[in-house]
Amino acid sequence: MVSNREPYIHERNKKGIRCKTPIGGLVAAIDPVMQRTRGVWIAWGSGNADAEVADEKGRIQVPEDDPRYTLRRIWLDPKEINEYYYGFSNRIIWPVCHLFQEKARLLPEYWETYKKVNQRFLRATLEEALPDDHIWIQDVHFTLLPAALREELPDNDIALFWHIPFPPWETFSCIPWRKEILEGMLGADLLGFHTESYVANFLGAVKKEFPDAQVSSSAIRYKGQITRVRAFPIGIDYNRYRELSSRDSLRRRATQLRSKMNVQQIILGVDRLDYTKGILNRLLAFEKFLEAHPKHLGKVSFVQVASPTRSAISEYREMKQRIEETVGRVNGKFQRPQWTPVIYINRHLPGDDVLMLYRIADVAMVTPIIDGMNLVAKEYVAVNENGVLILSEFAGASEEMDSAIIVNPYDLDAMARALEEALSMSPEERTRRMGPLRELVKERDIFWWLDTFLEEWGVELMMDQEAGQIVAGARLSE
Ligand code: GDG
């Protein structure tokens with residue numbers, strides 16, 4: 001496994017060194033597989049005590065209490081973090097793939113460092129990989145790795161999963177190094193995206209860029225190498241969300257919170273404070289909604305969790321400022337001594353607090369300008385069976401979750417109307433819409449995603465021989 005973020009992070013604080021696991025479905029799903037295959041996970045060692053606990057190669061056996069596999073940490077210096085991570089990954093690939101070309105900073109030094117870091121990960125992977133190993137690369141940080149590995153390891157199976165949208169060629173082509181990126185990705189045997197439309201965009205880009213490539217609807221033959229390309233819509237650990245959110249203590253706290261808030265209905269947004277997430281448009285739509293429907297004044301509050309992210313990048317700081325000005329203006333316009341229209345939280349909340357908000361929210365607004373998938377939509381549906389989901393048509397999740405109220409996040413009036421519709425929806429209609437959404441989130445959970453990916457990749461054979469059991473195709477949660 002190769003990813004930018006590591007599955008275990010060591011941090012030193014006043015009390016000593018603590019090992020944390022990042023919250024999120026991906027690590028939760030892949031860690032058990034790694035534990036069974038006893039493989040190697042290569043990632044950037046980003047914790048401030050990571051080096052202290054690893055050996056001279058950056059290796060550490062994890063989980064610490066019952067070591068099963070090797071985490072190999074790669075050290076990055078501040079210039080590399082700035083140019084490879086904040087620069088190339090977050091200021092070039094991220095904005096371009098989210099159709100924000102105008103925010104892209106196409107600096108050659110970002111590219112040079114990105115190449116260097118990909119080389120560093122290449123060397124580490126070559127040191128770790130055994131002849132039969134499957135090598136799975138996550139996300140946009142290592143586009144050059146599949147082809148570079150392929151050259152050295154012609155017989156290993158290599159796959160890459162892309163977690164964000166893949167844009168049309170007309171947008172992608174603004175990247176001066178687009179050929180190298182596409183060629184790098186085509187070193188993989190299997191490429192996964194969240195949706196059919198990202199698959200189509202990727203195939204289209206390859207056709208445009210390499211006229212001699214043979215491109216079908218699910219595979220590419222280029223320079224003798226075949227790459228299968230497929231959509232694997234990612235899910236969440238549904239059962240875990242159900243379990244965690246139905247604990248007595250959490251239910252009690254949620255009921256208390258709900259009664260303290262003293263409003264009839266609650267609307268919720270939970271996002272990293274990213275310009276792609278549509279937080280600003282959502283606030284403007286809420287303002288329009290209050291203007292158009294004064295009967296809701298004093299009765300409905302909108303809770304927006306905007307957790308800090310990438311604040312080293314100026315576009316993120318600018319978006320934060322615009323959001324905060326808007327929160328201030330909207331609250332200033334409507335607030336009453338006993339009622340706050342917008343409750344804005346700009347901190348990373350503990351997981352339980354997010355679950356509690358999912359439980360008490362009558363309506364969740366998941367209205368990104370564009371989003372690869374968006375897991376918040378799925379988490380809300382898993383936790384709250386009586387809620388209403390308002391979902392952007394430009395979130396990857398809308399390809400599957402079509403019984404939500406689907407909106408265009410640019411159309412503020414339509415979003416204001418959707419809010420009115422959601423808040424006045426009958427219990428029967430809520431159930432009619434929520435039923436199929438829950439089924440889907442339950443059925444296509446993170447383990448389904450993993451199984452489908454591994455099955456397509458033919459991993460079960462390898463696991464069969466090594467572990468004496470078939471893991472892929474089995475429910476790893478069981
Ligand atoms: C990328 C793609 C794709 C948020 N604030 C807090 C908090 N969160 C959690 C949510 C959710 C996660 O963060 C966000 O997941 P998303 O899917 O919405 O978004 P990205 O981070 O942009 O992820 C995305 C994903 O990769 C997977 O492939 O779906 O499209 O952009 O789990 O609950 N969690 C806590 N406190 C917060 O303040 N505890």
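Remember, it's a predicted structure, so these values are computed and weren't measured experimentally.

**Comments concerning the overall build of the protein chain**
Here's step 1: When helices and strands are tallied, the protein chain shows 18 helices and 18 strands.
Here's step 2: Taking 478 residues into account, the globule formula puts the C-alpha radius of gyration at 23 Å, and the protein chain, at 23 Å, falls close to it.
Here's step 3: In terms of principal-axis extent, the alpha carbons of the protein chain reach across some 65 × 50 × 45 Å.
Here's step 4: The buried share among the 478 residues of the protein chain stands at 58%.
Here's step 5: For the protein chain, restricting intrachain contacts to residue pairs at least 6 apart in sequence, the fraction spanning at least 24 positions comes to 74%.

**Observations regarding the site of the ligand**
Here's step 1: Among the 24 residues in the neighbourhood of the ligand, the closest are listed as His163, Arg272, Leu349, Asp371 and Glu379.
Here's step 2: Between the ligand and aspartate 371, the relevant distance is 2.6 Å, taken from an oxygen atom to a side-chain nitrogen or oxygen of the residue.
Here's step 3: For the ligand, an oxygen atom lies 2.8 Å from a polar atom in the backbone of methionine 373.
Here's step 4: Contact with the protein chains hides 85% of the accessible area of the ligand, taken as 740 Å² for the molecule alone.
Here's step 5: Elements with a minimum of two residues in the shell around the ligand: strand 13 (265-272), strand 14 (300-307), helix 13 (351-360) and helix 14 (375-383).
Here's step 6: For the shell around the ligand, a count of residues per class yields 12 nonpolar, 7 polar and 5 charged.

**Considerations on the packing of aromatic side chains**
Here's step 1: What the rule picks out here adds up to 32 aromatic pairs.
Here's step 2: On the basis of an interplanar angle of 50° and a centroid distance of 6.4 Å, the ring pair of tryptophan 162 and phenylalanine 193 is categorised as tilted. Placement of the pair is tryptophan 162 in the loop between strand 8 (157-161) and helix 6 (169-172) and phenylalanine 193 in strand 9 (residues 190-193), with a sequence separation of 31 residues. Comparing tryptophan 162 with phenylalanine 193 shows no difference in burial state: the two are buried.
Here's step 3: Pairwise contacts between aromatic rings join Tyr84, Phe88, Trp111, Tyr114, Phe121, Phe142 and Trp177 into one cluster.
Here's step 4: The ring centre of tyrosine 275 lies 4.9 Å from the NZ or CZ of lysine 103, which sits over that ring.
Here's step 5: The ring of tryptophan 94 is capped by arginine 310, whose NZ or CZ atom sits 4.1 Å from the centre of that ring.

**What about the sheet that holds strand 14?**
Here's step 1: Across the sheet, 6 strands lie side by side as 15-14-13-16-17-18; this open sheet has parallel pairing. Two strands close off the open sheet at either side, each with one partner strand: strand 15 (342-345) and strand 18 (405-407). The mean inter-strand angle of the sheet, taken between neighbouring strand axes irrespective of direction, is 20°.
Here's step 2: Inspection of the sheet shows strand 13 paired to strand 16 (residues 363-366) by 2 bridges, in the parallel sense.

**Looking at the confidence of the model for the protein chain**
Here's step 1: Averaged over all residues, the pLDDT of the protein chain equals 94, while 95% of them reach at least 70.
Here's step 2: Between residues 461-478, whose pLDDT stays under 50, and residues either more than four places distant or in other chains, the model counts 31 contacts.

**Comments concerning the domain arrangement of the protein chain**
Here's step 1: In terms of domains, the protein chain is made up of domain 1 (76-234 + 449-470) and domain 2 (239-442).
Here's step 2: Here the C-alpha centroids of domain 1 and domain 2 sit 32 Å apart.
Here's step 3: Taken together, the 21 residues of domain 1 in the interface contact 20 residues of domain 2.
Here's step 4: Carbon and sulfur atoms make up 64% of the area that domain 1 and domain 2 hide from each other, which totals about 1600 Å².

**What to know about the nonpolar core**
Here's step 1: Trp136, Trp162, Phe166, Phe193, Phe202, Leu389 and Met401 are the most contacted members of the largest nonpolar core, which has 165 residues in total.
Here's step 2: Here this core takes 9 residues from helix 3 (residues 78-97), the largest share from any one element.

Basis of the calculations
- Residues numbered from 1 in each chain as written.
- Predicted model: local features only at pLDDT ≥ 70, side-chain atom pairs only at ≥ 80, totals over all residues.
- Heavy atoms only, no water.
- Helix = DSSP H or I, 4+ residues; strand = E, 2+ residues; numbered from the N terminus.
- Rg over C-alpha atoms; globule rule 2.2 N^0.38 Å.
- Buried < 20%, exposed > 50% of the residue type's maximum accessible area, 1.4 Å probe, protein only.
- Contact = heavy atoms within 4.5 Å.
- Near = heavy atom within 4 Å.
- Polar contact = N/O pair within 3.5 Å; in protein donor to acceptor, adjacent residues only side chain to side chain.
- Areas by Shrake-Rupley, 256 points an atom, 1.4 Å probe, with all protein chains shown as cover.
- Nonpolar A, V, L, I, M, F, W, Y, C, P; charged D, E, K, R; others polar.
- Phe/Tyr/Trp six-rings, centres within 6.5 Å; stacked < 30°, edge-to-face > 60°.
- Lys NZ or Arg CZ within 6 Å of the ring centre and 35° of its normal.
- Pairing = 2+ DSSP bridges.
- Axes fitted to C-alpha atoms, helices over the stretch in contact; angles between N-to-C directions.
- pLDDT = per-residue confidence, 0-100.
- Domains from an automatic or database assignment.
- Buried area = accessible area lost by both parts, 1.4 Å probe.
- Core = buried A, V, L, I, M, F, W, Y, C linked by side-chain atoms within 4.5 Å.

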